[in-house]
Structures are given as structure tokens and as C-alpha cells.
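Descriptive analysis of the structure
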Amino acid sequence: MRDPRYDILFEPVAIGPLTAKNRFYQVPHCNGGGYRDPSAAAAMRGIKAQGGWGVIFTEQTEMHHTSEITPYIELRLWDDKDIPSLRKMSDKMKEHGALAGIQLAYSGINGPNLYTKEVPLAPTALPIRTFTNDPVQARALDKQDIRDLRRWFVNAAKRSKRAGFDLVCLYGAHGFGIFQHFLSRATNQRSDEYGGSLENRARFVNEVVSDIKDAVGDTMGITLRVSLDETIGALGFSNAEMRDFVEMNRDLPDLWDLAHGTWEDCSGPSRFKDEAAQHDLVKGIHDLTDKPIVGVGRFTSPDVMVKQIKSGTLDFIGCARPSIADPFLPKKIEQGRIEDIRECIGCNICVTGDMTMSISRCTQNPTFMEEWRKGWHPEIMNAKGDSSNVLVVGAGPAGLEAARALSERGYDVAIAEAGTELGGRVARESKLPGLSAWGRVKDYREYQISQKPNVETYFDSRLTAAEILEFGFENICLATGAAWRRDGVARQHVVPMAIDAATPLFTPDDLMDGKLPQGNVVIYDDDHYYMGGVLAELLRANGCDVTIITPSAYVSDWTNNTLEQASIHKKLAEMGVRIVLNRGVTEIAKGYVTSNCVYTDALEQYACDVVVMVTSKLENNTLFTELAARQDEWADAGIKSVKLIGDANAPGPIAWATYAGHRYARELDGEEIGDALPFRREIAELAAD
Ligand code: ADP
Ligand code: SF4
């Protein structure tokens, strides 16, 4: 059972008129599903309730139609019609005794209103500040608007109560919520009683909290989420001013929810932010208030959590990503199963579901957002099917997750791995600069498998089709991975490009094998995710002159979706990496590459000794092709199925591989569904006319 050192994490704590059963607090987080996928989002929160969280919040909820953040998909509480789907979520949250919270957002200067076509309202008339630089400006709220807005907040709080929520969180952090826009001198340049002094800038939040307390405060807790530091210097809502604000308003909300600066600051990836990274910004705030404090910091270690409580820094352990990677984190600590915690790796793939308006995934937890769509539970697999054993070839993230999940179902599993360690690409990539936390993908699965009597692992086993046909396994799962291409094929070049054979050319695989070039290196990045930037960092740290050339307008372009692109550019620039944007590479010659402008095709040469190709990958699927060619021998060999999964099937990010492995394990021996849709979805009901 539970280690007594962690007892403190399970103490009940009051929030206004209510009491949370423990200190585990799932702070609001997006999921890419929101109002479009209400049942999927509700079921995801319900799993957290099962997992033992004391407080569970929604994602941000647009509380009035005059402020919305299309194209991003969150929740809506525009009128009574939104109540049923929100009630579905609050019901799920409360099933196991958690407090259900709703985050009310009025986006002000952050809401372009592309859908409602309403004129955005903000403390001061300024251009809308979003990820997408929308060409829209906000009008300044006049006094009547402020009175209206106060009433809209009260209406939203009343509707939240009717929708079954216990807690209301007023969003004033990350630059996303209007309370911050009022508090910050940067976004509040008013000369009336709502602007100027800190007292004046704090007037609006005081009025709204007081209004809501009058309306629902007898039964609901009111929390305020504010930024710890706007990170734009003295003009913004700095950490020092934030402390003044808390001190001046020490008992304003029932709980202070403290979150760092922008979303990029607050949800920084492990490449740039460690666990408990916000500690110094939060430290000491407790002395300024009598109300409890929740803070975040990608907490996955119960020892770090205990330290946060015992040092008087936090009262609640706020988690978004750690609760996504392991919704059962509190339960596992409670049951003394620390080793079973599936620790978040800080890759921010979950964030990409929101940024791409798709639906979120998690690298560590492939069941995230599939709880309702596919009926997948993060801790419980479906029952075993008719066959009894599986040979998994390849121990990368796809093979390891397949083996882990298959063993949970009760299959006998043999893993054959060509190399001498588990983890495949994850083991290799986690040795690159900043990516060590990614090794947790392997660590979690390696430990789980080691606890299973029905999994055998064979190293140094590069299998051939002939061997597989001799072994007599019923099911063959080929997770043999992929290798980086050398021929330049990716997006700019769909067929191999001109390469002088005399030019030393490296791929990411070569570098990960320890073959490190010297001298003047050009990295040609037509992959656009993290690898090009990470290798630039590696080579620069190794003393090379590094130029990274990419046809995109951003270095490591896709990392805009993981909230780290700006940090990557800054780091590379500060290290002295030359960043060449909007240019491709048309020819690799001895001593130079020729680069074209993607707009004008104007050519330029860049001298180099060595070229590193970060382009695309080739599937290692020959084993599958050979087995497929010998299908008429399968029955005699006792083989019922052969399936290719993960990077060997189609290369992608690591999350795609763990998903593929999990899906394989779920679906083995399953019913053939033919052309039917492999997941559930919801479609808006048509109006009568
Ligand atoms: P994924 O991301 O799809 O899991 P990886 O490239 O990470 O793919 O892992 C693939 C693993 O498969 C590597 O560890 C590799 O050594 C192993 N592998 C490739 N071909 C064979 C083979 N024929 N027999 C056994 N293992 C193989
Ligand atoms: Fe953590 Fe990555 Fe999962 Fe997000 S996707 S919860 S960052 S492991």
C-alpha cells in the first residue's frame, strides 16, 4: 500500500465552501476535441476521476459568444443549449468523488471572433494577439460593456452551476483571459477607474469575483488563474507586480491557480523546461495569501510533489500533461505502485491536437481521447482472443507497446530485436541534446514487460522470413522501424536529387550511431519537426560550423505545434548556428550546396565540407514483403496473421508508433469490421428547417 511519505498528498483541502478529497488537481487542459467531440472529451475526464484526481477541470470554456477563439476547438457555454454536453462532462468528473471545475474564458484581445463575426472587446483597443496574427482589432470596452461583461460572467457562473460544476475558474493567464488583459499595463492602457494604478487594473477582477460570489458562492468555489509573469519586462504583469496583486487581494478567490507567462512558457517541453520549473516564480507567494495555491510543473515524481507541499510552496499539485500521460497517477501513488507510473516525457504532442484542431494524442498514453471513440481504457485491456501467441519483431516504441499491451491481454509474447537494447529509435534519440526524458517511453514499457511472465525478449536477433516460418508463432507483428533517407527525397524533392558521390553525406542515423562529422556542415532540413534543430545543436556543441537550410519560413516549423519553435530558433541563434529560411537545396556538390529561393528560385551557393540530410524515412519493410510473398506457406507454419505496424508501415512521430502498437494489441483476434468506421463520433443534430 501507500508509502507514508506520500500521505500528505492525500489530505483533503478546502476550496471555498467545498473540500477536495486530496491534493491532486487536474488543471484545465485542451484536448483538440472540445465542443466538436463532447462525449469523447467527457469520457476522457471520467477516466481521470477513476484515476483518483481530487479536482478535475474542463478545458477553457468560451463563456460568451462575443469572444471566441476559432479555429481552436475548446468548450462553449454561450447559452442554455450548451448545458447538456457540459453536464455530461461534470457527471463523469464527479463519479468518484472529485470536484468538477469549469474554466470560464473571455478571450478579449486573444479572441478574433472569426466564427461569430462579433467585434472583439478588450480593455484597450489593440490588434488581436493570437498564434495566427489575424488582421482583426478589438474595440475598447466602454462602461456599459463592462457592466454587460460582468453580467455575462454571472450568467455563465449560474449556467455552470446548472451544468453540475462545483468550481468556477476565471481565466487570467497565458495571455488568453481578460482578467490578465485588465491587470497588465501592456494590454490595459485605460485612463478611467479600470486603468492606471494596480488597484484600478484589479478593479474588474474584484467586481467579477464579488458578483459571482453573490450569485453562486454559497455552493461553488471560485478560483482565479493568473500568470506568474507576463515575461515582457516591466511593462507587463511581472512576477513582482503579480505578488503585489496577490498581497493586495489576498482573499479574493477561494484558490489561486498560478500559471506561468504565455502557454509556451507554462507548458514548455522537456527539451527546454525541467520538472518544477516554475518553483522560483511561485515560492513565497503563500505568505501573501490565506487561500490555497495550485501550481504546475510537469510533476510526475511523488517526492517532488511532497517537497512542493512541505516547503509551503503549493497546496495542490497541478497537472495537465502528467494527467494525460497517466490518468491513474494518484491511484498508483495511493496503491504504492510508483514504478507503474507512466511518466509524461514532455514532448507536447498532446498540444498538437489543439494546435491542429484535430484531436489530441499522447506519446505515452495511446488511449488518450480514445476512451469513448474506441472504448480504450488506459489501464484495462480487452480480454484475450482465440489465438495464444505473438512474435513481435522489433523493440521500438511500436513493438514495445504492442508487446506490453498484448501481455496484458494474456498472450504469450516473444520480442525479437536485432540490436542489443530495447527502445529502437527512442533509445537512440533520447541520447540527443535535450531529449533524455523521451527515454521514458522505453523505461515504462521495459519495466512493465519485465514484470510479465508471458513475455520473452531475444536480443541480437535480426530475423529472416525463413526463420519466422520455422518458429511456429500464430501471429507475427512486424515493428521493424524505418531509416532516414540519403537521397534527399522528402517534400521539395519527390525523386532523388543531384548528389556528388564525393561529398561526405550523413543522415540522422549516422549521427546517432556516433559518426560525428567535423568542419563546416550544412544541414538540409526538409523534415521540419525536431530532428534538424536537434542535430544543429549537437553539431554546433561539437565544434562544427553549422548552417541549417530549410524551405520553410521557420526552423523546425512543425514545432510551432509543440510550443517550442521560438525556443529552438533562439537557442540555435545564440549558439551561432546560421539559420537559412525559405530556401531549398537543389544540388549537393563537392565543397558546396546550391540553394534555391522557394519563391524566386534565385540560386546561391553555401560552402560546406559535409552535408547532413534531414529529409524523410524509408520503411524497413522487406521482412514483411518476403513473408507476404510466401503467404501460401503460412498455414503449414501455423501462422494466422502477419501485420506491419509503426514506422515500418509508415514513418511518423513516436506517438504514432505507440498508437499503432496499442491498436495492434487491441485488435488482435478481433471482429472484422469491414468498411465500417473504426471509431465512434458525434454529428450535430440537424435543425427542423
Ligand atoms: P517504431 O518507431 O515503429 O517502433 P523503431 O525504428 O523505433 O520503430 O524500432 C524498430 C526496431 O526494430 C529497431 O530496434 C530495430 O533494431 C528492430 N529491427 C529491424 N529489423 C529487424 C529484424 N529483421 N529483426 C529484428 N529486429 C529488427
Ligand atoms: Fe506528456 Fe508528450 Fe503525452 Fe503530452 S503527449 S502528455 S507531453 S508524453
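Quick notes on the rules
- Residues numbered from 1 in each chain as written.
- Chains lettered and ligands numbered in written order.
- Predicted model: local features only at pLDDT ≥ 70, side-chain atom pairs only at ≥ 80, totals over all residues.
- Heavy atoms only, no water.
- Near = heavy atom within 4 Å.
- Helix = DSSP H or I, 4+ residues; strand = E, 2+ residues; numbered from the N terminus.
- Nonpolar A, V, L, I, M, F, W, Y, C, P; charged D, E, K, R; others polar.
- Salt bridge = Lys/Arg side-chain N within 4 Å of Asp/Glu carboxyl O.
- Buried < 20%, exposed > 50% of the residue type's maximum accessible area, 1.4 Å probe, protein only.
- pLDDT = per-residue confidence, 0-100.
- Core = buried A, V, L, I, M, F, W, Y, C linked by side-chain atoms within 4.5 Å.
- Contact = heavy atoms within 4.5 Å.
- Polar contact = N/O pair within 3.5 Å; in protein donor to acceptor, adjacent residues only side chain to side chain.
- Areas by Shrake-Rupley, 256 points an atom, 1.4 Å probe, with all protein chains shown as cover.

**Some details on the site of ligand 2**
In the vicinity of ligand 2 lie 13 residues, with Cys344, Cys347, Asn348, Cys350 and Cys362 positioned nearest. Per-element accounting of the shell around ligand 2 gives the leading share, three residues, to helix 11 (residues 321-325). Here the shell around ligand 2 is composed, by residue class, of eight nonpolar, four polar and one charged.

**As for the pattern of salt bridges**
Scanning the entire structure with this criterion turns up 50 salt bridges. Close ionic contact of arginine 23 with glutamate 11 constitutes a salt bridge, the shortest N to O distance being 2.5 Å. Taken as a pair, arginine 23 in the loop between strand 2 (18-20) and strand 3 (24-26) and glutamate 11 in the segment before strand 1 (13-15) lie far apart in primary sequence, 12 residues in all. Judged by its relative accessible area of 10%, arginine 23 is buried. By relative accessible area, glutamate 11 is classed as partly exposed at 33%. One salt bridge connects glutamate 207 with arginine 150, and the closest N-O pair in it is separated by 3.3 Å.

**A short note on the confidence of the model for the chain**
When the pLDDT values of the chain are averaged, the result is 97; 100% of them are 70 or greater. At the low end of the mean pLDDT range in the chain sits helix 8 (residues 263-266), at 85; at the high end sits helix 14 (residues 397-409), at 99.

**Digging into the nonpolar core**
Formed by 116 residues in total, the largest nonpolar core has its most connected members in Leu9, Phe153, Leu170, Phe204 and Phe245. Beyond its immediate chain neighbours, meaning those up to four positions away, leucine 170 contacts Leu104, Phe153, Phe179, Val208, Val209, Ile212, Ile222, Thr223, Leu224 and Arg225. Residues Leu435, Val441, Leu538 and Val610 belong to the second largest nonpolar core, which totals 34 residues.

**As for the environment of alanine 465**
Mapped onto the elements, alanine 465 comes out in helix 17 (residues 465-471). Through-space distance from the C-alpha of alanine 465 to that of threonine 622 is 9.2 Å; in sequence the pair is 157 residues apart. Residue contacts for alanine 465: discarding those within four places in its chain leaves Leu623, Glu626 and Leu627.

**With respect to the site of ligand 1**
Looking at ligand 1, there are 22 residues lining it, with Ala398, Glu417, Ala418, Arg425 and Asp647 nearest. Within the contact set of ligand 1, an oxygen atom lies 2.8 Å away from a backbone nitrogen or oxygen of arginine 425. Starting from 590 Å² of accessible surface for ligand 1 in isolation, the protein chains cover 89%.

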